[in-house]
Amino acid sequence: MKFGILVNEGPYQHQASDTALNFTKAALQKGHEIERVFFYHDGVNNGTRLTTPPQDDRNIVKQWTELAKEHDLDLVVCVAAAQRRGIVDPDEAKRHGKNADNIAEGFRISGLGQLVEMGIKSDRVMVFGD
Amino acid sequence: MKFGILVNEGPYQHQASDTALNFTKAALQKGHEIERVFFYHDGVNNGTRLTTPPQDDRNIVKQWTELAKEHDLDLVVCVAAAQRRGIVDPDEAKRHGKNADNIAEGFRISGLGQLVEMGIKSDRVMVFGD
Amino acid sequence: MLHTINKSPFEKNSLETCLRLAKPGSDILLIEDGVYSAIKGSSVEPKLREATKEHTVYALGPDLKARGIEENRLIDGIKVVGYDGFVDLAADNDRVQSWL
Amino acid sequence: MLHTINKSPFEKNSLETCLRLAKPGSDILLIEDGVYSAIKGSSVEPKLREATKEHTVYALGPDLKARGIEENRLIDGIKVVGYDGFVDLAADNDRVQSWL
Amino acid sequence: MAKEVKKFMYVNRRAPYGTIYALEGLEVVLIGAAFDQDVSMAFVDDGVFQLKKGQDTGDSNMKNFSPTYHALGDYDVNKLYVDRESLEQRGMTQDDLLELTYEDEDDDYQEKPSIRLVDREELTELMEQQDVILNF
Amino acid sequence: MAKEVKKFMYVNRRAPYGTIYALEGLEVVLIGAAFDQDVSMAFVDDGVFQLKKGQDTGDSNMKNFSPTYHALGDYDVNKLYVDRESLEQRGMTQDDLLELTYEDEDDDYQEKPSIRLVDREELTELMEQQDVILNF
């Protein structure tokens, strides 16, 4: 079965990212497919490579990156939400005259249409938020 | 009278930053002093220069930067909270091996002690959060 | 003491706990989604009306206006202030507590 | 349909609205702070007990454990599942609704 | 992809302005309209406040996105279900809500109201008919 | 700065883990202890869940910060007020809470409990005595 995963909150502040990660891992382990993980609202903050959480705590961004690498996941950060929050890749940086980018490995920035498309292509959509 | 301002949520997702900005402006206009504005929890996300909000919407980060310039405000981003969320200045970037920084003009990163000190030095502390 | 409440009373328990713990005679200021407490005819009205007997209850005008709540829809006794009034309330009271 | 609830019933109205709108026979899964609904002896227990008659109510074990809620503290009839059970519930139901 | 038509329901349970969910939720609906799916919106709990008439952010720092709801009709999003109990609990009636309309292609382009008040039983049934439910 | 002693109260109204406020709030308290102020903590509403015994995040993705509360006594943070009504509403008693203690310097370093259950009237009075109230 194909799951679409929507993450609406940033890492650490709410448990949404943790629950989404645990659900995604469990689904993969059971042999399901993950059509896409879409990050919306503050969820886009899961996609910055600039975090350095305390050493005795989990590194949520890194967990997404590693999970994506291992299972070839499509991690999509909404461009409009990302612009409001300051998540940028090199292209976005150039477009908006920013002198730095912060996107993490394994994430890509794209349009909201990707969320609707995820809804169309997935058998189930799971919403994790506040 | 001296006000200390605590902002606990990031821009846009919650109204907290807007209310804090409006309160701070009104207090200054009435001749009060702002001892410090301290950004904690997701509030640290007010301090990134990488945002590009829609042109017909307010630019919250820029509003802080301009207000700080005009009134010589002390905008302090909590270092521990910033590390969890990926807000870094050049020093922090060097310390944690990051190849970019994203701190906005007018903000500085410092320790939690600055929050307690703000509580000691201010006549009133205002908490804006979720 | 000034108590601020920024949550809708239909969604969260912030108003309820504030009213339970605020000392009679306190000032209470409704801000952000907290201003929805001020609407006449809602299920929360009895609680708010009771509160106006023990406390002075204010609502932030700009937040009412943003949400389309006209002053004639407010429960009697609620006073509307702007951000400058918010600052005065914070300054005039000895301390402030934010019920989030 | 699977309904998930991730909010404490003492803080937010998510449980209440879910129970009002969920069709009898639905599956309800308590996750994150939603697992606090499952505690025996709380003010929410009557509501939850009623819900177990119309729905199958589950609670996410890892979230109970994180919060120190032992299984003998749960209201009778609530079933505990892990993340794999969460996945099964989502797959076995035709659709999922998250009450945030 | 273009051929399959799914039933999407966007469930709105939050007030506008206090949080961004209402505004960004609406952006999804507008983008989603281009995908030719069967789209509806439900307004439950504080979500009914999104449709309140007379919003004016002139004295606050925020963007008034209330006019955007009027665009929904043009995007063929014309099934806006308002939970009657939520509305009444908040001291409001349909007169408090925006007058949103659409032109019905199948009925000589007559202008019809997009908002419909529904009872809990009807809302429950509508939710049961969906393929995808997105909660904001 | 060092001479002035202010009364700080940290008011905790949220459950742990669902959000980070409890954990990061505790970090403020521990840092604040170094400033030699008069510090107390109040646990109201879901904040009482922060003190629940037996927390174990082994099966979830999160960090168990429950042991950190035991450090408060060593930092001279020994006034932890728990709202009795909030506790009872949640089906709990004091037996459900961590046994937190401190050594009383003024009483021959006797070990004493840090947690005290308070009624609403007492909590109201305690809040009225504060100089700074920080809500997490």
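For the structure itself, consult the block above.
Note that the structure is a prediction, hence the values are computed from the model and not measured. (Residues numbered from 1 in each chain as written. Chains lettered and ligands numbered in written order. Predicted model: local features only at pLDDT ≥ 70, side-chain atom pairs only at ≥ 80, totals over all residues. Heavy atoms only, no water.)

A count of helical and extended segments in chain C gives 4 helices and 5 strands. Secondary structure elements in chain C, listed N-terminal to C-terminal, are β-α-β-α-β-α-β-α-β. A compact globule built from 100 residues would reach a C-alpha radius of gyration of about 13 Å, and chain C, at 12 Å, matches this within 12%. If you line up chain C on its principal axes, its C-alpha atoms span 35 × 30 × 20 Å. A buried classification covers 71% of the 100 residues belonging to chain C. Looking at chain C alone, contacts between residues at least 24 apart form 73% of all its contacts between residues at least 6 apart. For chain C, the exposed area adds up to about 3100 Å²; of that, 43% sits on carbon and sulfur atoms. (Helix = DSSP H or I, 4+ residues; strand = E, 2+ residues; numbered from the N terminus. Rg over C-alpha atoms; globule rule 2.2 N^0.38 Å. Buried < 20%, exposed > 50% of the residue type's maximum accessible area, 1.4 Å probe, protein only. Contact = heavy atoms within 4.5 Å. Areas by Shrake-Rupley, 256 points an atom, 1.4 Å probe, with all protein chains shown as cover.)

This part takes up the sheet that holds strand β6 (residues 115-118) of chain F. Residues and elements named next belong to chain F. Spatial strand order, β6-β3-β2-β1-β7: 5 strands in an open sheet with parallel pairing. Of all the strands in the sheet, just β6 and β7 (132-135) have a single pairing partner and so form its edges. Neighbour-to-neighbour, the strand axes of the sheet open up by a mean angle of 25°, direction not taken into account. Judged from the 6 bridges that link them, strand β1 (residues 7-12) and strand β2 (residues 38-43) form a sheet pairing that is parallel. Among the inter-strand pairings, Phe8 is bridged to a residue of β2, identified as Val39. The sheet strands contacting helix α3 (residues 120-128) are β1, β2, β3 (80-83), β6 and β7, and the helix crosses β6 at an angle near 115°. (Pairing = 2+ DSSP bridges. Axes fitted to C-alpha atoms, helices over the stretch in contact; angles between N-to-C directions.)

Below, the discussion takes up helix α2 (residues 45-54) of chain D. Residue and element names in this part refer to chain D. Regarding α2, the residues found buried are Glu45, Leu48 and Ala51. One side of α2 carries all its buried residues, which in axial view fall inside an arc of 120°. Every exposed residue of α2 that faces more than 90 degrees away from the buried side is listed here: Pro46 and Lys53. Where the residues of α2 are buried, they touch α1 (14-21) and β3 (56-60). (Arc of directions from axis to C-beta.)

One number sums up the size of the largest pocket: a volume of about 840 Å³. Residue lining of the largest pocket: 35 residues in total, with Pro9(C), Asn13(C), Glu16(C), Pro9(D) and Glu16(D) positioned closest to the centre. Among the secondary structure elements, those contributing two or more residues to the lining of the largest pocket are α1 (14-21) of chain C, α1 of chain D, α2 (84-89) of chain E together with α2 (84-89) of chain F. When the residues that make up the lining of the largest pocket are grouped by side-chain class, the tally is 8 nonpolar, 10 polar and 17 charged. If you add up the space inside the second largest pocket, you get close to 320 Å³. At the level of secondary structure, the elements contributing two or more residues to the lining of the second largest pocket comprise β2 and β4 (101-104) of chain F. No other element matches the 3 residues that β4(F) contributes to the lining of the second largest pocket. (1 Å grid on protein atoms, 1.4 Å probe; cavity = no way out; pocket = protein on both sides within 12 Å on 5 of 7 lines; lining within 4 Å. Points joined across faces, edges and corners; volume = space filled by probe spheres on them. Nonpolar A, V, L, I, M, F, W, Y, C, P; charged D, E, K, R; others polar.)

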